[in-house]
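Next come the chains, spelled out residue by residue.
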Amino acid sequence: GAVVSQHPSWVICKSGTSVKIECRSLDFQATTMFWYRQFPKQSLMLMATSNEGSKATYEQGVEKDKFLINHASLTLSTLTVTSAHPEDSSFYICSASRQGSSEQYFGPGTRLTVT
Amino acid sequence: QKEVEQNSGPLSVPEGAIASLNCTYSDRGSQSFFWYRQYSGKSPELIMSIYSNGDKEDGRFTAQLNKASQYVSLLIRDSQPSDSATYLCAVPPFTGRRALTFGSGTRLQVQP
């Protein structure tokens, strides 16, 4: 199989605080992981591509200093939302690919609410 | 022209009918194609991949690919209310990118 987990599944935080979301590939090594954001009734929006051992590649319009991505191992990538604001409230989803494969396997997502 | 186009729907079919979901793509060099299903409030789930022209069947699902027409479709036979979801078509990364390019999705409603 190709199982991807995310933690936490939901989180509520106060405005101005930081939140870390973990994405793990449980049964395969993921050389590349992707972070998406999805607002209600809208399409998936790719935020960044995370490569193990190197800096993430951010999509245009995504603030790299606000959304910190670390991909320290072949099974773990983290997304930290710094100084969160209510407009950052969204559904954050990671996905992972095996080396040499285009198939992406998604984690279950993390619902972030900033109050 | 969008890279991957899908009709947003909703596509409404009665229970037991065949649901036909369509997708067109702009990059003639694309070699592999994927269908994902996303239930409301959940993350996408890979349900089919197809790499060659023609049909690929998996249970009630059939993916059809026509590279000459740059067209890929997903047929769902004997549609069930539990098939009600948004179906996303995806093609491989374009040059310089690593992520799949997703269509905006077609919302399917199966009426009991």
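Note: the structure precedes this text.
Before going into details, it helps to say that this report is about the structure given with it. (Residues numbered from 1 in each chain as written. Chains lettered and ligands numbered in written order. Predicted model: local features only at pLDDT ≥ 70, side-chain atom pairs only at ≥ 80, totals over all residues. Heavy atoms only, no water.)

1. Overview of the overall build of chain B
Secondary structure summary: chain B contains zero helices and 11 strands in total. Each helix and strand of chain B, placed in order from N terminus to C terminus, yields the pattern β-β-β-β-β-β-β-β-β-β-β. In terms of C-alpha radius of gyration, chain B reaches 13 Å, essentially the compact-globule figure of 13 Å for 112 residues. On the principal axes, the C-alpha backbone points of chain B span a range of 45 × 30 × 20 Å. Taking contacts inside chain B between residues at least 6 apart in sequence as the whole, the part at least 24 apart equals 54%. With an accessible surface of roughly 5400 Å², chain B has 45% of that area assigned to carbon and sulfur atoms. (Helix = DSSP H or I, 4+ residues; strand = E, 2+ residues; numbered from the N terminus. Rg over C-alpha atoms; globule rule 2.2 N^0.38 Å. Contact = heavy atoms within 4.5 Å. Areas by Shrake-Rupley, 256 points an atom, 1.4 Å probe, with all protein chains shown as cover.)

2. Quick notes on the pattern of salt bridges
Counted according to the given criterion, the structure contains five salt bridges over all chains. D88(A) is the salt-bridge partner of K66(A), the closest N and O atoms lying 2.8 Å from each other. Remark: D88(A) occurs in the loop between β8 (76-81) and β9 (90-97) and K66(A) occurs in the loop between β6 (57-58) and β7 (67-73); sequence separation between them is 22 residues. The same class applies to K66(A) as to D88(A), namely buried. Of the charged contacts, one joins E57(B) and R77(B) as a salt bridge, the two residues approaching to 3.4 Å between their closest N and O atoms. Here R77(B) lies in the loop between β8 (71-76) and β9 (85-91) and E57(B) lies in strand β6 (residues 54-58), a separation of 20 residues in the sequence. (Salt bridge = Lys/Arg side-chain N within 4 Å of Asp/Glu carboxyl O. Buried < 20%, exposed > 50% of the residue type's maximum accessible area, 1.4 Å probe, protein only.)

3. Quick word on the interface of chain A and chain B
With 21 residues of chain A at the interface, the matching set in chain B holds 20 residues. For the pair chain A and chain B, the summed buried surface comes to about 1400 Å²; carbon and sulfur atoms form 54% of the total. For the pair chain A and chain B, the interface holds zero salt bridges. The tally of links between chain A and chain B comes to seven residue pairs in polar contact (both at pLDDT 80 or more). When residues of the side of chain A that touches chain B are traced back to their parent elements, those giving at least two are β4 (32-38), β5 (45-51), β9 and β10 (105-106) of chain A. Among the elements that line the side of chain A that touches chain B, the one with the most residues is β4(A), at four residues. Grouping the constituent residues of the side of chain A that touches chain B by class yields nine nonpolar, nine polar and three charged. (Buried area = accessible area lost by both parts, 1.4 Å probe. Polar contact = N/O pair within 3.5 Å; in protein donor to acceptor, adjacent residues only side chain to side chain. Nonpolar A, V, L, I, M, F, W, Y, C, P; charged D, E, K, R; others polar.)

4. Digging into the state of the cysteines
Residues and elements named next belong to chain A. Using the criterion set out here, one finds two disulfides over all chains in the structure. Put simply, C23 and C94 are joined by a disulfide, and their sulfur atoms are 2.0 Å apart. Between C23 and C94 the disulfide shows an S-S torsion of about 80°. By sign, it is right-handed. In this pair, C23 is assigned in strand β3 (residues 19-25) and C94 in strand β9, connecting sequence segments 71 residues apart. (Disulfide = S-S within 2.5 Å.)

5. A word on the nonpolar core
Counting 25 residues, the largest nonpolar core has V4(A), W35(A), F67(A), L79(A), Y92(A) and L112(A) as the members making the most contacts within it. Those elements giving two or more residues to this core turn out to be β2 (10-13), β3, β4, β5, β7, β8, β9 and β11 (110-114) of chain A. Ignoring anything within four residues of it in the chain, the contact list for Y92(A) reads Q6(A), I21(A), Y36(A), R37(A), M47(A), F67(A), L79(A), G109(A), T110(A) and L112(A). Grouped together as the second largest cluster of nonpolar side chains are 23 residues, A19(B), Y25(B), A63(B) and A85(B) included. (Core = buried A, V, L, I, M, F, W, Y, C linked by side-chain atoms within 4.5 Å.)

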